[in-house]
Amino acid sequence: MMSNTLLKVRQLQKSFGAVEACCNINLEINKGEIHALIGPNGAGKTTLIQQLAGQMLPDSGSIEFDGQDITRLPAHKRALLGLARSFQITSIFGQMSAEENIALAVQAHMGHSFRFWRPANKNKKLQPTIETALEKCGLLERRHIVADNLSHGEKRQLEAGMALAVTPKLLMLDEPMAGMGPGSAVKMTELIQSIKGNTSILLVEHDMHAVFNLADRITVLVYGKPIATGTPEEISHNQDVRSAYLGEGDN
Amino acid sequence: MRFIKNRRTLITGASFLFFLLLPLIASALGDAYLVTLFTRILIYALAAVSLDLILGYGGMNSLGHTAFFGTGAYVVGILAFHIQEETLFLSWPIELSGSSNAILVWLLAVLFSAFMSGLIGALSLRTTGIQFIMITLAFAQMLYYLFVSLEAYGGDDGISLWARNKLPIFDTADDTSFYYLCLGFLVIFVFLSYRLVHSHFGRVIRGAKQNLQRMQSLGFPIYRYQLVCFIIAGAGAGLAGALMANQSEFVSPGLLHWTHSGEMMIMVLLGGMGTLIGPILGATALLLLEEFLSVYTEHWMAFLGPFLIIVVLFAKRGLYGLLTGKEVNDE
């Protein structure tokens, strides 16, 4: 029997000196779900993503992805297993065109790149995947623009597009809507909705409207500790969450 | 866009034509020294283009590139030394003598430089940023002192070659022939580099320069790609070194001194980082300025310095950027 759990985090622990950024985190993400991770600033959300993606190693605990222990696996190997991430601070290749940014993401999954002779931009094999990804993230018409010259919203779309290009099993989106205008935020919500199903998503976001619209389940993180996990309905009625986080301003 | 592209083609074509016709110009002017000078320029251009592969395209700021240049030169020097002294290079476990066969010697120079850059690169590429600069510099200086202390090969004084390496048919002793040989090597190397930077491999290398973390999170084991790029650049520098040893018929530890690496870096910066024609322009400009300023004053560096600062400050892509217009991105 195939298990329905894609990512299993067990007792993950990470501290920086006396600060416990992740304190005994247990987390399960099911196949096909959108799992939102919310919490006030400094709750350790990005630190958790860093450890899941392999940019940072935990002090203790384990991470299991698709039935495989990946706790100590380097970042690039996790990516090839189907674990993609986007960054909170836009992380793209500024001097390359939007298309070339996506092309790099696609190329990473097409075997090694020790190909020295043929021009990369004439590779027909990559082209269909690149076009699909450009269309998905809404940059098909802006494909030849150098990434540095894209608008902030477009950069965020490109950021997500690169993570999406190869249909990852798990996509970790670190505040995809940060700094976006309302129009772009709607576009991003649509984008996330459209990929739901084939890809599980771990969504870190401050836009509560988007989170409660999109998420199947929500985990609330406060000071590195998960205080509740449940459906949006359950979370919005959870007293602990209300007092610790949601209701902070209202009460 | 079209205009820029045309200007690029124009500059590339004009430089090629100039180098092609230079020996004729020199003989028309009756100045044979020009050929010698421009042979040096071509050789340094080759070294600078190879450095730009790691510096401009790969974002690996190596201050030890001369280690591979020097290695290539010393392979030529040491093998020639054993011919001249009629001694064996190696007597155990197999007997190896020196050689003056250009094909063999230059191939060995390239291979050995590649090997050295593999060794140095494998260790240095574990670091980034300022540490990388320092560690490559340290390795180059280690090699420098190694050759200084090798009394058997002349130590500080280096090795004088009695003649250039020999090629079948082609007369390397003739300065004009040797000039065209160097030009041929430069053209071939630039063409190979052009294919390289536009290939899948080149895209990965350029990506690593712009955003290392993102490359890893996309799934690239970036260390391997950088190392291979470092080795290719080292091999190119090795070839340049071997040619240099032949051109001047002399090798000394001075070739490996770190200031020499700095000079190559200046050629790249001056000409335009991240372009293939730029380093050639840079090498030409720097060596010509050096040549002509030093006629007037021994403090020529005092004039060169400000000039360099102005170019680097005001031209985004050095001389090449100036000539082609401002909007030049990575090609």
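This text follows the structure it describes.
Reading guide: rules and limits
- Residues numbered from 1 in each chain as written.
- Chains lettered and ligands numbered in written order.
- Predicted model: local features only at pLDDT ≥ 70, side-chain atom pairs only at ≥ 80, totals over all residues.
- Heavy atoms only, no water.
- Helix = DSSP H or I, 4+ residues; strand = E, 2+ residues; numbered from the N terminus.
- Rg over C-alpha atoms; globule rule 2.2 N^0.38 Å.
- Buried < 20%, exposed > 50% of the residue type's maximum accessible area, 1.4 Å probe, protein only.
- Contact = heavy atoms within 4.5 Å.
- Areas by Shrake-Rupley, 256 points an atom, 1.4 Å probe, with all protein chains shown as cover.
- Lys, Arg positive; Asp, Glu negative; His and termini not counted.
- Charge placed at Lys NZ, Arg CZ, Asp CG, Glu CD.
- Phe/Tyr/Trp six-rings, centres within 6.5 Å; stacked < 30°, edge-to-face > 60°.
- Salt bridge = Lys/Arg side-chain N within 4 Å of Asp/Glu carboxyl O.
- Pairing = 2+ DSSP bridges.
- Axes fitted to C-alpha atoms, helices over the stretch in contact; angles between N-to-C directions.
- Buried area = accessible area lost by both parts, 1.4 Å probe.
- Polar contact = N/O pair within 3.5 Å; in protein donor to acceptor, adjacent residues only side chain to side chain.
- Nonpolar A, V, L, I, M, F, W, Y, C, P; charged D, E, K, R; others polar.
- Patch = residues over 30% accessible without salt bridge, like charges linked within 9 Å, V, L, I, M, F, W, Y side chains within 5 Å.

Along its length, chain A carries 9 helices and 10 strands. Taken against the 2.2 N^0.38 rule, which gives 18 Å for 251 residues, the C-alpha radius of gyration of chain A at 18 Å falls within 12% of a compact globule. Overall, the C-alpha framework of chain A stretches about 60 × 40 × 40 Å when taken along its three principal axes. Across the 251 residues in chain A, those meeting the buried criterion constitute 52%. The long-range share in chain A, meaning contacts at least 24 apart out of those at least 6 apart in sequence, stands at 65%. In the structure as shown, chain A presents an accessible area of about 11,300 Å², 50% of it carried by carbon and sulfur atoms. Between the centroid of the 25 positive side chains of chain A and the centroid of its 26 negative side chains there is a distance of 9 Å.

Now for the overall build of chain B. Helix and strand counts for chain B come out as 13 helices and 4 strands. The dimensions of chain B, computed from C-alpha atoms along their principal axes, are 60 × 55 × 40 Å. Of all 331 residues assigned to chain B, the portion counted as buried reaches 55%. In chain B, the proportion of contacts linking residues at least 24 apart, taken out of those at least 6 apart, comes to 76%. A total accessible area of about 14,700 Å² is found for chain B, and carbon and sulfur atoms account for 69% of it. Put simply, chain B has 17 plus and 19 minus side-chain charges, and the middle of one group is 24 Å from the middle of the other.

Under the criterion given, the structure shown has 19 aromatic pairs over all chains. Relative to B:Phe201, the ring of A:Phe116 has its centre 4.6 Å away and its plane inclined at 50°; by these criteria the two rings are tilted. One end of the pair, A:Phe116, is in the loop between helix H3 (98-108) and helix H4 (127-136); the other, B:Phe201, is in helix H7 (residues 200-210), on a second chain. On the accessibility criterion, A:Phe116 (31% relative accessible area) is partly exposed.

It is worth spelling out the pattern of salt bridges at this point. All names here are of chain B. Taken as a whole, this structure holds 13 salt bridges over all chains when the rule is applied. One salt bridge in this structure joins Arg164 and Asp175, with 3.1 Å as the shortest N-O distance. One end of the pair, Arg164, is in the loop between strand S3 (159-160) and helix H6 (175-198); the other, Asp175, is in helix H6, and 11 residues separate them in sequence. Residue classification places Arg164 among the buried positions, given a relative accessible area of 8%.

Residues and elements named next belong to chain A. Spatial strand order, S2-S1-S4-S5: 4 strands in an open sheet with antiparallel pairing. With one partner strand each, in any of the chains shown, strand S2 (19-30) and strand S5 (68-69) form the two edges of the open sheet. Across 2 bridges, strand S4 (residues 60-65) lies against S5 in antiparallel orientation. For Phe65, the partnering residue across the bridge sits in S5 and is Gln68. Of the strands in this sheet, strand S1 (5-16), S2 and S4 touch helix H1 (residues 45-53), which is tilted by about 120° from S1.

Looking now at the interface of chain A and chain B. Contacts between the two partners involve 38 residues from chain A, matched on the other side by 30 residues from chain B. Carbon and sulfur atoms make up 59% of the area that chain A and chain B hide from each other, which totals about 3,100 Å². Of all residues in chain A, the largest losses of buried area upon contact with chain B belong to A:Gln95, A:Phe116 and A:Trp117, amounting jointly to 21% of the total for that side. On the surface where chain A and chain B come into contact, there are 3 salt bridges. Salt-bridge contacts for A:Glu159 lead to B:Arg214; the nearest nitrogen and oxygen are separated by 2.3 Å. Where chain A touches chain B, the interface holds 19 residue pairs in polar contact (both at pLDDT 80 or more). When the residues that make up the side of chain A that touches chain B are grouped by side-chain class, the tally is 20 nonpolar, 13 polar and 5 charged.

Next up on the list: the side chain of A:Ser200. Residue and element names in this part refer to chain A. Turning to its location among the elements, Ser200 is positioned in strand S8 (residues 200-204). Residue classification places Ser200 among the buried positions, given a relative accessible area of 2%. A polar side-chain atom of Ser200 sits 3.1 Å from the main-chain carbonyl oxygen of Asn30. What Ser200 contacts, discounting residues up to four positions off in sequence, is Leu6, Ile29, Asn30, Lys31, Gly32, Glu33, Lys169, Leu170 and Leu171.

Residue and element names in this part refer to chain B. On the surface, Phe16, Leu17, Phe18, Leu20, Leu21, Leu24, Ile25, Leu29, Tyr180 and Val187 cluster together into a nonpolar patch covering about 850 Å² of accessible area. Taken together, the elements giving at least two residues each to the nonpolar patch come down to helix H1 (2-29) and H6. Counting residues per element, the nonpolar patch draws most heavily on H1, which supplies 8 residues. Inspection of the secondary structure assignment puts Ile25 in helix H1. Judged by its relative accessible area of 34%, Ile25 falls in the partly exposed class.

Moving on, we get to the pairing of S2(A). All names here are of chain A. The pairing of S1 with S2 spans 8 bridges and is antiparallel. Within S2, the position partnered with Leu7 by the bridge is Ile29. Counted along the chain from S1 to the antiparallel partner S2, the turn is 2 residues long, and its residue Gly17 has a positive phi close to 60°.

No statement about biological role is implied by the geometric values presented.
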